[in-house]
Amino acid sequence: MKKYRITAIVMALLLAASMTACGSSSDTGTTAAAETTAADSDTSAADEESEAAGETAGDTTEVGDLGGQEAVTLKLASVIAVGAPGDLAANDFVEMVEEKTGGLVTIDYYPAGQLGSSDEISEQLLEGTIDLSWQTLDWYMTLQSDWNVLGLGFSVSSEEQLQAFLESDKEAEIEASLIEEDGVRLLAVDGIGSPRVVVSTMPVNSAEDLENVNMRVPSLTLYTKTWQAIGVNCITLESGDVYMGFKDGMIDATEFPLGSIYSNSYHEVASYITYTNHLYSIYCMGMNETTFQQLTEETQQILLECAEAACDAYMEYDDVAVEEGVAAMVEAGVTINENPDLESFQEKMADVAAECEAEGLWSEGLYDYLQSLG
């Protein structure tokens, strides 16, 4: 396995720690985007992390054997906070592509929402004003509605169930439609991160504890349907405004990836975390199809390999971030509820899936297919 600039990763982790004091925040997946944390780590931990993250999908394409590829600079955007797991993985992707192409393909990377919100980045990707987007699958659901089935809270019970769907022929058909109908190709779509949880200013053990609570919910249809069914007052805020939303009393709760809470400093303004595990953040590398087709086949293969490696890297970084971030937050006084009354949430969702399917939010029978994989 190959290491990619261990020193750079350590610096990124230190940068994330320094930004914590300033209340830096950004989502993935998110953003559901949005979506992911980088906790402080010593040098040996960073070494292990970097070694795992730097593993690529193989050396099938040698530098110099790029089929006449001309030098090109691509533009990559995300909303992920600097130093968070997704950001570290994006930096690995940039370095791997440049190394494996011998510098013929360089990538200008814009993290932390520098080029706009997740919605704006998605639009730029469609228009071709950026070439690559590193964000959660949620932001493609408006383009291909069958992905909505993964965006309904409490519909996926395990990572194994989710992985089975992502490897299915049905999912491959959705990706093919994204290329044909929308001009976007997903180079990789299996960066499954830690589950999303509830962060709040008060204890939460059941769905009833969230009734009429002002809760920040990403502006995505399925997220809104989920939390409206639970009974919260859905508040729309960009991920970068969540910290101040808590501080100013605009919100008392948000849902967020477990691995992102610490790096976004939410524990400083909301000291309760509840493991609802209602969704999984799925990071994917999207690329404008016109740009992709302008590259040689050899270069395309490198991008595919490096995108898969970036997804693997993200999962490795996220695992470390969860472990270290949770430990740091507990030490800081955060209360974590690992065993809430999930049945109280699931009961409120009982009829929502049928209503969504009747509204055409995904193809008939797709929800039952997803459940059959559990």
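Criteria and thresholds
- Residues numbered from 1 in each chain as written.
- Predicted model: local features only at pLDDT ≥ 70, side-chain atom pairs only at ≥ 80, totals over all residues.
- Heavy atoms only, no water.
- Helix = DSSP H or I, 4+ residues; strand = E, 2+ residues; numbered from the N terminus.
- Buried < 20%, exposed > 50% of the residue type's maximum accessible area, 1.4 Å probe, protein only.
- Polar contact = N/O pair within 3.5 Å; in protein donor to acceptor, adjacent residues only side chain to side chain.
- Expected span 1.5 Å × (residues − 1).
- Arc of directions from axis to C-beta.
- Pairing = 2+ DSSP bridges.
- Right-handed = clockwise from strand over helix to strand, strands pointing away.
- Phe/Tyr/Trp six-rings, centres within 6.5 Å; stacked < 30°, edge-to-face > 60°.
- Lys NZ or Arg CZ within 6 Å of the ring centre and 35° of its normal.

Turning our attention to the overall build of the protein chain. The helix and strand tally for the protein chain stands at 13 helices and twelve strands. For the protein chain, the residues scored as buried account for 56% of the 374 residues in total.

Let us now look at the side chain of Q124. If you trace the backbone, Q124 turns up in helix α4 (residues 118-127). Look at Q124 and you get buried, because its relative accessible area is 16%. A polar atom in the side chain of Q124 sits 2.8 Å from the backbone oxygen of L115.

Taking 1.5 Å per residue as the helical rise, helix α10 (residues 297-331) with its 35 residues ought to reach 51 Å, and the 51 Å between its terminal C-alpha atoms agrees with that figure. Just downstream of α10 lies G333, where phi reads positive at about 105°.

What follows concerns helix α7 (residues 221-230). Of all the residues in α7, the buried ones are L222, Y223, T226, W227 and I230. Down the axis of α7, the sector holding all buried residues measures 120°, keeping them to one side. A positive backbone phi angle near 110° is found at G231, which sits one or two residues after α7.

Where burial is concerned, the two faces of strand β4 (residues 105-110) differ: the one with V105, I107 and Y109 is buried and the one with T106, D108 and Y110 is not. In this structure, strand β3 (residues 72-77) lies alongside β4, joined through six bridges in parallel fashion. The partner of T73 across the bridge, within β4, is T106. Once the chain exits β3 it traverses helix α3 (residues 85-100) before rejoining the sheet at β4, and the crossover so formed is right-handed.

In this structure the tally under the stated criterion is eight aromatic pairs. Pairing F246 with Y266 gives two aromatic rings, centres 6.4 Å apart and planes at 55°, and the pair type is tilted. Highlighted residues: F246 in helix α8 (residues 242-247) and Y266 in the loop between β9 (253-257) and β10 (272-274), separated in sequence by 20 residues. In this structure, F246 and Y266 share a single accessibility class: buried. Here the aromatic cluster, defined as three or more aromatic residues joined through ring pairs, consists of W134, Y283 and Y314. The positively charged end of K170 is found above the aromatic ring belonging to Y369, 5.1 Å away from the centroid.

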